[in-house]
Amino acid sequence: ILNVEQSPQSLHVQEGDSTNFTCSFPSSNFYALHWYRWETAKSPEALFVMTLNGDEKKKGRISATLNTKEGYSYLYIKGSQPEDSATYLCASLMDSSYKLIFGSGTRLLVRP
Amino acid sequence: EAQVTQNPRYLITVTGKKLTVTCSQNMNHEYMSWYRQDPGLGLRQIYYSMNVEVTDKGDVPEGYKVSRKEKRNFPLILESPSPNQTSLYFCASSSGGGLYEQYFGPGTRLTVT
């Protein structure tokens, strides 16, 4: 099994702070990188799916970048709000199969 | 409303008693998948299906069966549940496998005693 690593495991920030976390994945046979937001007692919801090296995507205050050559993606949250508190999951599609490999997530807590 | 539904949402059962967790999607998605989530671990794929009558093993298929007789339904079957299958289970669907975003169901929390 190819590993997808996320760091940090958890993060506490103050409301208004900007923050970022990392997803690392094997760079060989890369096909796609997913980011999901998972709130407690709910199901994961897709934020981004990225496929191209250098890709940048944005949704409101959340953005993501992708470096397929070195095998990492960053998720940025600008001006964190308490409602951003959630676990953020990344997942990598490493070949033409249909198997997504998920990281264990970064748990973000934004204090008011 | 586009959605993935799972039933039951919560289930407590005993070792060896066969059970089925149903999953249904109304988005006409070809691809469906089952995951389990355990503390400290990421979502791990159990089985997936690329289309009707086409299924394949994920990373942790032992102890599970699936079927895909209709496009919208993808039930997960535990023939003889064991305590190590106590977990949170998610069904997901997408329009085209891993290149497209996954739509997740609400989850089924299973406890096997």
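A brief structural summary. (Residues numbered from 1 in each chain as written. Chains lettered and ligands numbered in written order. Predicted model: local features only at pLDDT ≥ 70, side-chain atom pairs only at ≥ 80, totals over all residues. Heavy atoms only, no water.)

A short note on the overall build of chain A
Phase 1 of the analysis: When its secondary structure is counted, chain A shows zero helices and 11 strands.
Phase 2 of the analysis: Each helix and strand of chain A, ordered N terminal to C terminal, gives the series β-β-β-β-β-β-β-β-β-β-β.
Phase 3 of the analysis: For chain A, whose C-alpha radius of gyration is 13 Å, the value lies close to the compact-globule estimate of 13 Å for 112 residues.
Phase 4 of the analysis: Taken over the C-alpha atoms alone, chain A extends approximately 45 × 30 × 20 Å along its principal axes. (Helix = DSSP H or I, 4+ residues; strand = E, 2+ residues; numbered from the N terminus. Rg over C-alpha atoms; globule rule 2.2 N^0.38 Å.)

Notes on the interface of chain B and chain A
Phase 1 of the analysis: Taken residue by residue, the interface counts 25 residues in chain B and 21 residues in chain A.
Phase 2 of the analysis: Summed over both partners, the interface of chain B with chain A comes to about 1800 Å²; 67% of that surface belongs to carbon and sulfur atoms.
Phase 3 of the analysis: At the boundary of chain B with chain A, the tally comes to zero salt bridges.
Phase 4 of the analysis: At the junction of chain B with chain A, the criterion picks out three residue pairs in polar contact (both at pLDDT 80 or more).
Phase 5 of the analysis: Sorting the residues of the side of chain B that touches chain A by element identifies strand 4 (31-37), strand 5 (44-51) and strand 9 (87-94) of chain B as the ones contributing at least two each.
Phase 6 of the analysis: When the residues that make up the side of chain B that touches chain A are grouped by side-chain class, the tally is 12 nonpolar, 10 polar and three charged. (Contact = heavy atoms within 4.5 Å. Buried area = accessible area lost by both parts, 1.4 Å probe. Salt bridge = Lys/Arg side-chain N within 4 Å of Asp/Glu carboxyl O. Polar contact = N/O pair within 3.5 Å; in protein donor to acceptor, adjacent residues only side chain to side chain. Nonpolar A, V, L, I, M, F, W, Y, C, P; charged D, E, K, R; others polar.)

Examining the side chain of A:D84
Residue and element names in this part refer to chain A.
Phase 1 of the analysis: Positionally, D84 belongs in the loop between strand 8 (72-77) and strand 9 (86-93).
Phase 2 of the analysis: A polar contact of 2.8 Å, which involves the side chain of D84, links it to the side chain of R61.
Phase 3 of the analysis: Discounting chain neighbours no more than four positions away, the residues touching D84 are R37, R61, I77, G79, L108 and V110.

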